[in-house]
Amino acid sequence: MPDTSIPAPAALAGLKVLEMGQLIAGPFAAKTLADFGAEVIKIEPPGAGDPLRKWRLLKDGTSVWWQVQSRNKRSLALDLRTPEGQDVASKLAAEADVLIENFRPGALEGWNLAPEQLLEANPRLIVLRISGYGQTGPYRNRPGFGVVGEAMGGLRHLTAEPGRVPVRVGVSIGDTLAALHGVIGILLALQHRHASGHGQVIDVALYEAVFNCMESLLPEYSAFGAVRGPAGSALPGIAPSNAYRCRDGVVLVAGNGDSIFKRLMTAIGRDDLGQAPDLAHNAGRVARVAEIDGAIEAWTQARSVDEVLATLGAARVPAGRVYTAQDICEDPHYRAREMILRQPTRDGHEVQVPGIVPKLSATPGGLRSPAPHLGGDTDPVLREMGLDDAQIAALRQRGIVR
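The following refers to the structure shown. Remember, predicted model here, so these are calculated numbers, not experimental data.

**Comments concerning helix α18 (residues 389-397)**
And step 1. Looking at where α18 begins, the residue whose side-chain oxygen comes 3.1 Å from the main-chain nitrogen of Ala-390 is Asp-388.
And step 2. Residue Gly-399 follows α18 closely and has a positive phi angle near 80 degrees.

**Some words on the nonpolar core**
And step 1. Core analysis: the largest hydrophobic core is formed by 39 residues, its most contacted members being Val-17, Leu-33, Ile-100, Leu-128 and Ile-186.
And step 2. Among the elements of the structure, α1 (25-35), β6 (98-101), β7 (126-131), α7 (173-196), β8 (201-205), α8 (206-211) and β13 (350-354) are those that each provide at least two residues to this core.
And step 3. Broken down by element, the residue count for this core peaks at seven residues, all from α7.
And step 4. Core analysis: the next-biggest nonpolar cluster, separate from the first, contains 28 residues, Leu-18, Leu-80, Ala-96 and Leu-125 among them.

**Some words on the packing of aromatic side chains**
And step 1. If you walk through the whole model with that rule in mind, you get five aromatic pairs.
And step 2. Centre to centre, the rings of Trp-55 and Trp-65 are 6.1 Å apart; their planes meet at 50 degrees, and the pair counts as tilted. Of the two residues, Trp-55 is situated in the loop between β2 (39-44) and β3 (58-59) and Trp-65 in helix α2 (residues 64-69); the sequence distance between them amounts to ten residues.
And step 3. Exposure remark for Trp-65: the relative accessible area of 25% places this residue in the partly exposed category.

So, how was this worked out
- Residues numbered from 1 in each chain as written.
- Predicted model: local features only at pLDDT ≥ 70, side-chain atom pairs only at ≥ 80, totals over all residues.
- Heavy atoms only, no water.
- Polar contact = N/O pair within 3.5 Å; in protein donor to acceptor, adjacent residues only side chain to side chain.
- Helix = DSSP H or I, 4+ residues; strand = E, 2+ residues; numbered from the N terminus.
- Core = buried A, V, L, I, M, F, W, Y, C linked by side-chain atoms within 4.5 Å.
- Buried < 20%, exposed > 50% of the residue type's maximum accessible area, 1.4 Å probe, protein only.
- Phe/Tyr/Trp six-rings, centres within 6.5 Å; stacked < 30°, edge-to-face > 60°.

Below, the structure is given as C-alpha cells:
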C-alpha cells in the first residue's frame, strides 16, 4: 500500500477549525479541510455524539462511514445547551480561524453563539453556515435535509426513467455538493482575510448548491419555455451518450463528439451511419438518436462487457463499465492513483477508505489520525484552553463534557 503519511507543511497547516455540525454536510466540509492539514476540533453532544457514528453498517459498534467522515479530527464532547458549554465554545471560537455549522438557522443564536458575537470577539473568524434553505428568505426556518435540497434544486426531477417516479442518486449528493461549495467559500474568505484581515459569514443553502450544478436547466426554460424532464441514462440533446445492455451487464458509451461518433460507427460496423452527412454534427444525431441508440445496443447485446470495452478502447471511444464497490477495490487505476487507502481505527482494526481529493503536487493531503472516539480529545483540548484538571473534572461531573 502507498505511504499515507502527510508531508510537512500541509497546505492548511496551522488553520484552526471548529466543527459544530453533524451528519453529512458540515462534517464533510471539515473533513476536506482536515485532509489537507487543518486542525479540526469537532464538538459533539456528550450523550451519543454525532448520529453518523451509528449510521449504516457498524463495526465494533461504530459506523465504518464515521472512519471516513471524521478522520484527522479531534472530538470534544460538549453540551452546547448549557451556559458553561457555550462559554467553552465561544472561547474556542475566539482562537479559531474557521467555524463550521449545519444546524437549522437560529440554533447558534439560541446558544448565545451568534456569528455577530463571535466576529466581534474574533474579527478574523470565518463562519460557514450550511442549512436547507439558507439563513434568509421565507423558507429559512423549514427543516431541510439533502434529499429535499436535491428536489428543490431541480435534480430529483431528472433522476428517473421517463414516466417513472424519480429516484435517489444513491448517495447524499445534495449534502456533499453543499459541503464542497462551503469549502470553496472558506478558501475564498481566507483569501479575502489575507488581504483585509477580516473574516466573514458564508451562507450555503443545500438547494442552491444543487441548483448551481444544473447546467442548462434554467436558461433553456427562460429562452424556450422548455422544461427538461427525466431521460433515464441518456444525455438529452447530446447524442449518442447512453447506457447500453451487453450479454453480461451494461456499458456506458459517450460517442457524442463528431469525430468520436465516426470512429464508434466504424467500430460497430455501421459506417452507413458514421458517414451520413446529416449525422456529422450533434443536431442531426439528436434528431435520429433513437435509431443510433438502437444500432449501438444491437451491437453491444451480442457481446460481453469486456469485449465491448476492448473494441471501443482500441477505437478511442469513451466507454466504461458500471462499477460496484468490488470493482472499485479490484481496479488497478484506483490503486495507482492512491484512491484506496488502508486506515486504522481507534478500536484496532483496519478499513479501506477513499483516498485524498484533489491531488496537490507540493502539499498533498493525507491521513494523520484515525476518526476519534466520542470525547477522546476533550481533556487535551480543554487543557490547551487553560483549564486545569479540577475544572475539567467539575465540568464532567455536571455532564457538560464527556
